[in-house]
Number of protein chains: 2
Amino acid sequence: MTAGPEEQSGLTALARGLSAPKGFVDASLAAPAPGTIRLLGGIPAPAALPVEAIGKASAQLWQAPDAAVASLQYSPARGSAALCDWIAKREGVDPSRIVVTNGGMHGLALAVLTVVERGATVAVDDPVFPGFLWALEVSTTRTLPVPVVADGFDVEHLARRLATGARVAAAYTVPDFHNPAQVSLSAPKRQALIELAERYGFYVIVDNPYRELRFAGQDQGVAVFNQSDRAIHVNTFTKTLGPGWRVGWLVLPDHLVDPVIRLRNRLDVHTSSVAQAIIERLLTDDADWFDGIVRGATALYEERAGVLIDALQEQLPGALDIVAPEGGLFLWPRLTDDAVDPAALFQRAAAHGVIYQPGEFFAADPRRRSSARHLRLSYSDRTPEELREAVRRLALAF
Amino acid sequence: MTAGPEEQSGLTALARGLSAPKGFVDASLAAPAPGTIRLLGGIPAPAALPVEAIGKASAQLWQAPDAAVASLQYSPARGSAALCDWIAKREGVDPSRIVVTNGGMHGLALAVLTVVERGATVAVDDPVFPGFLWALEVSTTRTLPVPVVADGFDVEHLARRLATGARVAAAYTVPDFHNPAQVSLSAPKRQALIELAERYGFYVIVDNPYRELRFAGQDQGVAVFNQSDRAIHVNTFTKTLGPGWRVGWLVLPDHLVDPVIRLRNRLDVHTSSVAQAIIERLLTDDADWFDGIVRGATALYEERAGVLIDALQEQLPGALDIVAPEGGLFLWPRLTDDAVDPAALFQRAAAHGVIYQPGEFFAADPRRRSSARHLRLSYSDRTPEELREAVRRLALAF
């Protein structure tokens, strides 16, 4: 079998338009030198994953003949009733507005395919979670980058662009513990963003995987999103129960429920009934269980964020502008010295055995150079000892 | 929250183009009168699902700390290495050509999005698995129906249409134990179909969920598909280990591997690592296990097919043309008496407490009336007693 350009011509415009992997899945990052400490991904700490409880719930499932067989058969495209009910209660919405997805990225892809016409423009966070830009490529590569400032997505910036004629099909933002910029969108700006969406008739794609992981500050609320006909609220169990499940959910406006179900039913029928059955058992057998898991994980991430910040301030005094995160999995420090070349720093750090995501990777607007002055340091899946050693190595690179 | 036409206008052309549920998911079928016997879906028999073995494999997984944590984390977009290896060996191809999917429908959707341009024409089985036409709507509603005859997809018919100017992006067929028509595509016609695809530059989407379930006749082979640059071979564990897993696979030509992975990575990152980890353990801990499961299931389906045919011949002598199936989950008998109105028969049968899929539901070409003369009777998930009672009720309806 050989493949030449003549075979390639059989690809759809959609398939031809998808860019090749980079960044997170770059081979040089995926296979670092042995002993390298990776501060790379938004990955839950192994210690925060409730393996023992999962094992118990799973054993109960397989020992209950009817439930076991049901979990091996087809289940509703929208998700299992009990799981939808639990999620709906937590989100404060009617269960009919929940669609269970195969994780957050699936929710983003469904949102994009449903409301972003091919070639349309989408306002996006800048810096932005690059995974969204990849998902967006199934519909478009046209973006309107909107700066993420200290209190999140700059709604006024978007309002000015819209007032002067720009039009968008959707606006994308991570409102809680932004990836990569750590900040949260303030309550007044949430309201303002929704009002803007209602005025101009676009959708807000609200990507909220870190929402549960708060260890400081005030919750800015999601009711404004969940009460709007213009918001698609995307969430997932990835950062709490683990990415491996591939189970997340959408909170949809009523009028988008049927279109999204029609689409997801065609793409893969429904989310794994087995995965849903185990998670449903975990969540509903003990109504306090999930909050306990979240508390444990959050305490762990708070400790690790603290260790990382302390080490950076000790080992690299003045080298980085650091804002203490209020939650989530990332630190987004800024290089204070303009003479430091971030690309060279990254290379030296890798040579000293520590890798992270260079800020440039998250730039939505290549003309804006501000992201490139940042490092994204993920502290979630490294122990305090590893974090201290990582900073020691980073200091050598400076 | 209210939804009016003005909100609907925010939907993409893709979302607007997806038809509403019907047939399998029609509410009148989904909620039949209590006590109704359903001969509806291609659903595995509960007795054929290896619940005990799954419970054991699952317990081993959650008791192995490293494997448990790995199954809760991200895994490769193409599927876990051990699972790809097992599948590749069974398919007789290099593991690099396997992509693990969320079941067969997901494989079909990925194939369509990758090689069927929007608005293109696709040659399809007639009668056809309607689920494929639904999946196809993500790209097109234009089909070229090709009759399914005693030895499967009528390749000569397609060849004549192509010779007189018709052009297709792909041809879709279920080669083994066709749904709904039970037949299998003969080996010479498999070869002829691939040669046609190579000559005219289209892809063959080979949908093969029933392949393992043979209880009579000769295997016509899949090597011709797996050796071609023009075939996308779609398979799944749905009919053997259960639909609830949502785990299947594609065998792809080399040049389609990267495009399909790029697409599936965007749509939902990867198939559930948890589901893959349990299935992988089942398949690899004992190399003979899967064949044993298949043998047990196949014996069960052979018995049930026999019970159904015997009962039909006893209770309804001469009313139906019946071909004994060589495998799979369906019987596709034809009404012999042209005076029998199939729609009225279906209504009377439902009133007597038995429902099945009317043949008309599977017609790819509405002008061809032949499918409407058939009933699709699924025998897989009904006991022999239920099948005999179902036929007794059907006889009352005649």
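Residues numbered from 1 in each chain as written. Chains lettered and ligands numbered in written order. Predicted model: local features only at pLDDT ≥ 70, side-chain atom pairs only at ≥ 80, totals over all residues. Heavy atoms only, no water.

### Side note on helix α7 (residues 104–115) of chain B
Residue and element names in this part refer to chain B.
Turning to step 1, where the next piece is worked out: With twelve residues, α7 extends 17 Å between its outermost C-alpha atoms, agreeing within 8% with the 16 Å of an ideal straight helix rising 1.5 Å per residue.
Turning to step 2, where the next piece is worked out: Along α7, twelve of the twelve residues are buried, which leaves the element largely enclosed by surrounding structure.
Turning to step 3, where the next piece is worked out: Within the sequence span of α7, burial applies to Gly104, Met105, His106, Gly107, Leu108, Ala109, Leu110, Ala111, Val112, Leu113, Thr114 and Val115. (Helix = DSSP H or I, 4+ residues; strand = E, 2+ residues; numbered from the N terminus. Expected span 1.5 Å × (residues − 1). Buried < 20%, exposed > 50% of the residue type's maximum accessible area, 1.4 Å probe, protein only.)

### Points about the nonpolar core
Turning to step 1, where the next piece is worked out: Judged by nonpolar contacts, the single largest core of 163 residues is most densely connected at Phe132(A), Tyr301(A) and Tyr301(B).
Turning to step 2, where the next piece is worked out: When residues no more than four places from it in sequence are discounted, the contact partners of Tyr301(B) are Pro44(B), Ala45(B), Ala48(B), Leu213(B), Phe215(B), Gly328(B), Leu329(B), Tyr379(B) and Ser380(B).
Turning to step 3, where the next piece is worked out: Counting 68 residues, the second-largest nonpolar core is a separate cluster that includes Leu72(A), Val251(A), Trp289(A) and Trp62(B). (Core = buried A, V, L, I, M, F, W, Y, C linked by side-chain atoms within 4.5 Å. Contact = heavy atoms within 4.5 Å.)

### Quick word on the packing of aromatic side chains
Geometry of an aromatic ring pair is reported as the spacing of the ring centres plus the angle between the planes.
Residues and elements named next belong to chain B.
Turning to step 1, where the next piece is worked out: Tallying each qualifying case throughout the model produces 22 aromatic pairs over all chains.
Turning to step 2, where the next piece is worked out: When the ring of Trp332 is compared with that of Phe362, the centres are 5.7 Å apart and the planes differ by 90 degrees; the resulting orientation is edge-to-face. Note that Trp332 is positioned in the loop between β11 (330–331) and β12 (334–335) and Phe362 in the loop between β13 (354–358) and β14 (375–378), a separation of 30 residues in sequence.
Turning to step 3, where the next piece is worked out: Using a relative accessible area of 9% as the deciding quantity, one classes Trp332 as buried.
Turning to step 4, where the next piece is worked out: According to the relative accessible area criterion, Phe362 is buried, its value standing at 0%. (Phe/Tyr/Trp six-rings, centres within 6.5 Å; stacked < 30°, edge-to-face > 60°.)

### A closer look at the relation of the copies chain B and chain A
Turning to step 1, where the next piece is worked out: When chain B is brought onto chain A, the operation consists of a screw motion whose angular component is 180 degrees and whose axial shift is 0.0 Å, with 0.0 Å RMSD remaining. Interpreted geometrically, this transformation is the action of a two-fold axis. When C-alpha positions in chain B are compared against the rotation axis, the closest is assigned to Ala59(B), at 3.3 Å.
Turning to step 2, where the next piece is worked out: Comparing interface residues between copies, 100% of those in chain B also lie at the interface in chain A; the contact surface is shared. (Least-squares fit on C-alpha atoms with pLDDT ≥ 70 in both.)

### As for the pattern of salt bridges
All names here are of chain A.
Turning to step 1, where the next piece is worked out: Taken as a whole, this structure holds 35 salt bridges over all chains when the rule is applied.
Turning to step 2, where the next piece is worked out: Its salt-bridge partner being Asp151, residue Lys189 comes within 2.7 Å of it at the nearest N-O pair. Of this pair, Lys189 sits in helix α10 (residues 187–200) while Asp151 sits in the loop between β4 (142–149) and β5 (152–153); the two residues are 38 residues apart in sequence, bridging distant segments of the chain.
Turning to step 3, where the next piece is worked out: According to the relative accessible area criterion, Lys189 is buried, its value standing at 13%.
Turning to step 4, where the next piece is worked out: In this structure Asp151 comes out as partly exposed when scored by relative accessible area, which is 32%. (Salt bridge = Lys/Arg side-chain N within 4 Å of Asp/Glu carboxyl O.)

### Structural notes on the pairing of strand β4 (residues 142–149) of chain B
Residue and element names in this part refer to chain B.
Turning to step 1, where the next piece is worked out: Summarising the sheet, strand β3 (residues 121–126) and β4 pair through six bridges and their orientation is parallel. From the neighbouring strand, Thr121 faces β4, where its bridge partner is Arg142.
Turning to step 2, where the next piece is worked out: A crossover links β3 with its parallel partner β4, the connecting element being helix α8 (residues 130–136), and its sense is right-handed.
Turning to step 3, where the next piece is worked out: Summarising the sheet, β4 and strand β5 (residues 152–153) pair through two bridges and their orientation is antiparallel. Residue pairing in the sheet places Val149 in a bridge with Gly152 of β5. (Pairing = 2+ DSSP bridges. Right-handed = clockwise from strand over helix to strand, strands pointing away.)

### Overview of the sheet that holds strand β2 (residues 98–101) of chain B
Residue and element names in this part refer to chain B.
Turning to step 1, where the next piece is worked out: With respect to topology, eight strands assemble into an open sheet ordered β2-β9-β8-β7-β6-β3-β4-β5, the strand pairing being mixed. A single partner strand is all that each edge strand has here, and the edge strands are β2 and β5.
Turning to step 2, where the next piece is worked out: This element, helix α6 (residues 81–91), spans β2, β8 (231–236) and β9 (248–251) of the sheet and lies at about 115 degrees to β2.
Turning to step 3, where the next piece is worked out: Of the strands in this sheet, β2, β6 (170–173), β7 (203–207), β8 and β9 touch α7, which is tilted by about 160 degrees from β8. (Axes fitted to C-alpha atoms, helices over the stretch in contact; angles between N-to-C directions.)

### With respect to the UniProt feature "domain: Aminotransferase class I/classII large" (unreviewed entry) in chain A
Turning to step 1, where the next piece is worked out: Feature annotation in UniProt places "domain: Aminotransferase class I/classII large" (unreviewed entry) on residues 51–394 of chain A, given in this structure's numbering.
Turning to step 2, where the next piece is worked out: Between the C-alpha atoms that bound residues 51–394 of chain A the distance is 33 Å, and the span itself is 44% helix and 16% strand. (UniProt positions renumbered as here; feature names shortened; annotations may be inferred.)

### Looking at the domain arrangement of chain A
Residue and element names in this part refer to chain A.
Turning to step 1, where the next piece is worked out: By the assigned domains, chain A splits into domain 1 (5–49 + 291–397) and domain 2 (51–285).
Turning to step 2, where the next piece is worked out: Here domain 1 and domain 2 have C-alpha centroids that lie 23 Å from each other.
Turning to step 3, where the next piece is worked out: Domain 1 puts 36 residues into the contact, and the matching count from domain 2 is 35 residues.
Turning to step 4, where the next piece is worked out: Contact with domain 2 buries surface across domain 1, with Leu49, Glu326 and Ala364 losing the most and accounting together for 20% of the total.
Turning to step 5, where the next piece is worked out: The interface formed by domain 1 and domain 2 contains three salt bridges.
Turning to step 6, where the next piece is worked out: With a shortest N-O distance of 2.7 Å, Asp291 and Arg90 are connected by a salt bridge. (Domains from an automatic or database assignment. Buried area = accessible area lost by both parts, 1.4 Å probe.)

### Structural notes on the environment of Phe215(A)
Residues and elements named next belong to chain A.
Turning to step 1, where the next piece is worked out: As for its position among the elements, Phe215 is in the loop between β7 (203–207) and α11 (223–226).
Turning to step 2, where the next piece is worked out: Sequence separation of Phe215 and Glu326 is 111 residues, and the distance between their C-alpha atoms is 5.5 Å.
Turning to step 3, where the next piece is worked out: The contacts of Phe215, once residues within four sequence positions are left out, are Thr298, Tyr301, Glu302, Ala305, Pro325, Glu326, Gly327, Gly328 and Tyr379.

### So, the side chain of Thr173(A)
Turning to step 1, where the next piece is worked out: Looking at the secondary structure, you find Thr173(A) in strand β6 (residues 170–173).
Turning to step 2, where the next piece is worked out: Separated by 2.7 Å, the side chains of Thr173(A) and Asp125(A) make a polar contact. (Polar contact = N/O pair within 3.5 Å; in protein donor to acceptor, adjacent residues only side chain to side chain.)

### What to know about the interface of chain B and chain A
Turning to step 1, where the next piece is worked out: Tallying the contact residues gives 78 residues for chain B and 78 residues for chain A.
Turning to step 2, where the next piece is worked out: With both chains or domains summed, chain B and chain A bury close to 6,300 Å², and 63% of this area falls on carbon and sulfur atoms.
Turning to step 3, where the next piece is worked out: Scanning the region where chain B abuts chain A turns up two salt bridges.
Turning to step 4, where the next piece is worked out: One salt bridge connects Arg266(A) with Glu137(B), and the closest N-O pair in it is separated by 2.5 Å.
Turning to step 5, where the next piece is worked out: Where chain B packs against chain A, one counts 35 residue pairs in polar contact (both at pLDDT 80 or more).
Turning to step 6, where the next piece is worked out: Looking at the side of chain B that touches chain A, the elements with two or more residues in it are α1 (5–8), α2 (13–16), α4 (51–63), α5 (65–71), α7, α8, α12 (254–268) and α13 (273–285) of chain B.
Turning to step 7, where the next piece is worked out: Element by element, the count of residues in the side of chain B that touches chain A is highest for α12(B), at ten residues.

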